Amino acid sequence: MAKYIIEQSGPLVGEVEISGSKNAVLPILAATVMANGICEINDAPNLKDVNVMCDILRSIGAKVEENWYSHTITVDSRNINSSELPYNLVKKMRASIFVMGPLLARMGKATIALPGGCAIGDRPIDLHTKGLKTLGARVIIDEGLVNASADRLKGALVYLDFPSVGATENIMMAASVAEGVTTIENAAEEPEIVDLASFLNKMGAKIKGAGTDTIRIEGVHNLLGARHSVIPDRIETATFMIGAAITRGDVLIKNSVPDHVRPIIAKLMEAGAVVNDEVDGLRVRGDVNRLVATDIKTLPYPGFPTDAQAMFMAFLATVDGTSHVIETVFENRFMHAAELCKMGANIRVDNRIATIPGNKEDLHGTSVISTDLRAGAALVLAGLVASGKTEVTNIYHIERGYENLVDKFRTLGAKIERVDD
Ligand code: UD1
């Protein structure tokens, strides 16, 4: 199993180019299922999750070409002939659920295995299924399989109990070809939703309001192929911003959209870092006299992103004073805290609140486990400032979501290498 070996590095200095957004490209690829034509997706990141999504599309009959030299994916969906997603692919990625709405709209039915089957139950996708049912679909969950069917979906008012990103995307895609008008209330407002709506509109959909809490979709009969460039990854942007701050470095982050990382900018500045919106990108400087404790609370966009919480916690473990992190989006998203404690941090977790007494000198290298994608990124950042050598295992989680992570960090002066056991 591959792992990262990280040695205490000096300040990160230089420039880094951000890749296309993982969370934008996945639903966009799912949406190509509805195209009566060829779609060309540019600025796609070369990631395991993206490769899996391409395989899922192939498994139902689409012709997919991944050109990683140009970061372009071409999908010809004209010959899609199956409404069943194979379990061996679905179990690899929760985002496979994005294909449910488009497949249902295209084929009149969709069968998708739930990773983990009955043990997980239907709760984590209840908002997806509830929304599709409101559009007139029959949805049955039986023995770990979700079976959805509908002759033609009908526009309706869908109120989401929570602004779920995935549910908003699934419902928006299916509603694009439903009969009549759909309104999604309490919709998620993430930039990835706006990017998906922009792609769907290029395909011929009629969507207004994406990026606000009310999205109006006027159903059309047919969607065509389209060409689209994916937005930059705001969580990768956040990772390098925090990387600059935690190492007390000076990094210019190119191909970033400052508007998409406002909470990260605000919180880094509150902690004392310097962030400047320059012509070529965002410059983050942590080479200041003193960085101080700051509290964060994760929330749906435009609040502080839960996906940046782990990395920010690693940073807070290195500043002066005691900080608090409140996680409101996911129930169990503090697994990195225990790993950071193995490195000498003194983090206390009480339900959804973590208390972090910061002290950079406390952190020392050891062997830690990347329990999930962003937890892994947090451990990499901590490893850059911890004394001695840090070994991060289970890095397949990290590689699901970061393109060329090792090369990008090394360009900035980090001492990190990937080794195969
Ligand atoms: C997406 C992102 C993920 C990010 C998350 C929140 C992708 C591929 N992934 O995940 O990186 O962390 O948004 O910003 O875009 N929930 C339900 N029932 C549902 C759906 C969700 O209870 O049917 C709950 C979840 O358990 C969670 C919360 O709602 O507690 C937010 O989940 P959601 O916004 O749906 O996240 P994802 O779309 O899965």
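Residues numbered from 1 in each chain as written. Predicted model: local features only at pLDDT ≥ 70, side-chain atom pairs only at ≥ 80, totals over all residues. Heavy atoms only, no water.

A.B. asks: Mind laying out the state of the cysteines, listing which residues take part and the relevant values?
C.D. replies: Taken as a whole and assessed by the stated rule, the structure comprises zero disulfides. Looking at the unpaired Cys-39, the closest cysteine sulfur is the one in Cys-54, lying at 12 Å. (Disulfide = S-S within 2.5 Å.)

A.B. asks: I'd love a proper account of helix H7 (residues 191–203), names of residues and values included.
C.D. replies: The end-to-end C-alpha distance of H7 is 19 Å, a good match for the 18 Å that 13 residues give at a rise of 1.5 Å each. For H7, every residue scored as buried is listed here: Pro-191, Glu-192, Ile-193, Asp-195, Leu-196, Ala-197, Phe-199, Leu-200 and Met-203. The positive-phi residue at the C-terminal boundary of H7 is Gly-204, with phi of around 115°. (Helix = DSSP H or I, 4+ residues; strand = E, 2+ residues; numbered from the N terminus. Expected span 1.5 Å × (residues − 1). Buried < 20%, exposed > 50% of the residue type's maximum accessible area, 1.4 Å probe, protein only.)

A.B. asks: I'd like a rundown of the pairing of strand S16 (residues 274–278), residues and numbers included.
C.D. replies: Taken residue by residue, a regular strand's side chains alternate between the two faces of the sheet. Pairing between S16 and strand S17 (residues 281–285): five bridges, direction antiparallel. Paired with Val-274 across the two strands is Arg-285, which belongs to S17. Connecting S16 to the next strand, S17, in antiparallel fashion are two residues. (Pairing = 2+ DSSP bridges.)

A.B. asks: Could you give me a rundown of unusual backbone geometry, with the residues and numbers involved?
C.D. replies: Here the residue pair Tyr-301 and Pro-302 is connected by a cis peptide bond, since its omega of 10° sits within 30 degrees of zero. Along the chain, Pro-302 turns up in the loop between strand S18 (296–297) and helix H10 (309–316). A positive phi angle, near 60°, is found at Arg-248, a position not held by glycine. With respect to the element layout, Arg-248 can be found in the loop between helix H8 (234–246) and strand S15 (250–254). Positioned with a positive phi, Asn-255 is a non-glycine residue whose angle comes to about 55°. Looking at where Asn-255 falls in the secondary structure, it is placed in the loop between S15 and helix H9 (262–270). Residue classification places Asn-255 among the partly exposed residues on the basis of a relative accessible area of 37%.

A.B. asks: Quick rundown of the confidence of the model for the protein? Include the residues and the values.
C.D. replies: Per-residue confidence for the protein gives a mean pLDDT of 94, with 98% of residues at or over 70. The low-confidence segment residues 116–123 (pLDDT under 50) makes eight contacts with residues lying over four places distant or belonging to another chain. (pLDDT = per-residue confidence, 0-100. Contact = heavy atoms within 4.5 Å.)

A.B. asks: Tell me about the site of the ligand, and please be specific about residues and values.
C.D. replies: Around the ligand sit 18 residues in total, of which Asp-126, Leu-127, Ser-164, Asp-307 and Val-329 are the nearest. Between Gly-166 and the ligand, the recorded distance is 2.7 Å, taken from a backbone N or O atom to an oxygen atom. Contributions of two or more residues to the shell around the ligand are made by helix H5 (126–134) and helix H6 (165–175). In terms of residues, the shell around the ligand owes the most to one element, H5, which gives three residues. Looking at the shell around the ligand residue by residue, the classes come out as eight nonpolar, five polar and five charged. (Near = heavy atom within 4 Å. Polar contact = N/O pair within 3.5 Å; in protein donor to acceptor, adjacent residues only side chain to side chain. Nonpolar A, V, L, I, M, F, W, Y, C, P; charged D, E, K, R; others polar.)

A.B. asks: How would you sum up the sheet that holds strand S9 (residues 145–149)? Please name residues and give values.
C.D. replies: With respect to topology, four strands assemble into an open sheet ordered S6-S7-S9-S8, the strand pairing being mixed. The outermost strands of the open sheet, each flanked by one partner alone, are strand S6 (84–85) and strand S8 (138–142). Across the sheet, helix H4 (residues 100–107) lies against S6, strand S7 (109–113) and S9, angled at about 150° from S7, the strand it touches most. (Axes fitted to C-alpha atoms, helices over the stretch in contact; angles between N-to-C directions.)

A.B. asks: Summarise the packing of aromatic side chains; cite the residues concerned and give the values.
C.D. replies: Counted according to the given criterion, the structure contains three aromatic pairs. Centroid distance Phe-240 to Phe-409: 4.6 Å. Interplanar angle 35°. Geometry classified as tilted. One end of the pair, Phe-240, is in helix H8; the other, Phe-409, is in helix H14 (residues 405–411), with 169 residues separating them in the sequence. Accessibility classification places Phe-240 together with Phe-409 in one group, the buried group. Both rings, one in Phe-312 and one in Phe-315, keep their centres 5.4 Å apart while their planes meet at 70°; by these two values the pair is edge-to-face. Placement of the pair is Phe-312 and Phe-315 together in helix H10, with a separation of three residues, close to one helical turn. Look at Phe-315 and you get buried, because its relative accessible area is 0%. (Phe/Tyr/Trp six-rings, centres within 6.5 Å; stacked < 30°, edge-to-face > 60°.)

A.B. asks: I'd like a rundown of the sheet that holds strand S5 (residues 72–76), residues and numbers included.
C.D. replies: What links the strands of a sheet is backbone hydrogen bonding, and the strands pair in either a parallel or an antiparallel sense. Here we have four strands laid out as an open sheet, ordered S4-S5-S3-S14, and mixed in their pairing. Here the strands that pair on one side only, and so sit at the sheet edges, are strand S4 (63–67) and strand S14 (227–229). In this sheet, neighbouring strand axes are inclined to one another by 15° on average, regardless of whether the strands run parallel or antiparallel. Two strands pair when backbone bridges link them, and strand S3 (residues 38–42) and S5 are joined in this way by four bridges, in the antiparallel orientation. Across the sheet, Ile-41 pairs through a bridge with Ile-73, a residue of S5. With respect to the sheet, helix H2 (residues 48–59) is in contact with S4 and S5, its orientation differing from that of S4 by roughly 155°. With respect to the sheet, H7 is in contact with S3 and S14, its orientation differing from that of S14 by roughly 160°.

A.B. asks: Go over the pattern of salt bridges with me, naming the residues and quoting the values.
C.D. replies: Considering all chains together, one arrives at 22 salt bridges under this definition. With its nearest N and O atoms 3.0 Å apart, the salt bridge here joins Lys-254 to Glu-15. With Lys-254 in strand S15 and Glu-15 in strand S2 (residues 13–17), this residue pair connects regions lying 239 residues apart in the sequence. The exposure class assigned to Glu-15 is partly exposed, which follows from its relative accessible area of 45%. In this structure, a network of salt bridges that share partners links the residues Lys-22, Asp-49 and Arg-400. (Salt bridge = Lys/Arg side-chain N within 4 Å of Asp/Glu carboxyl O.)

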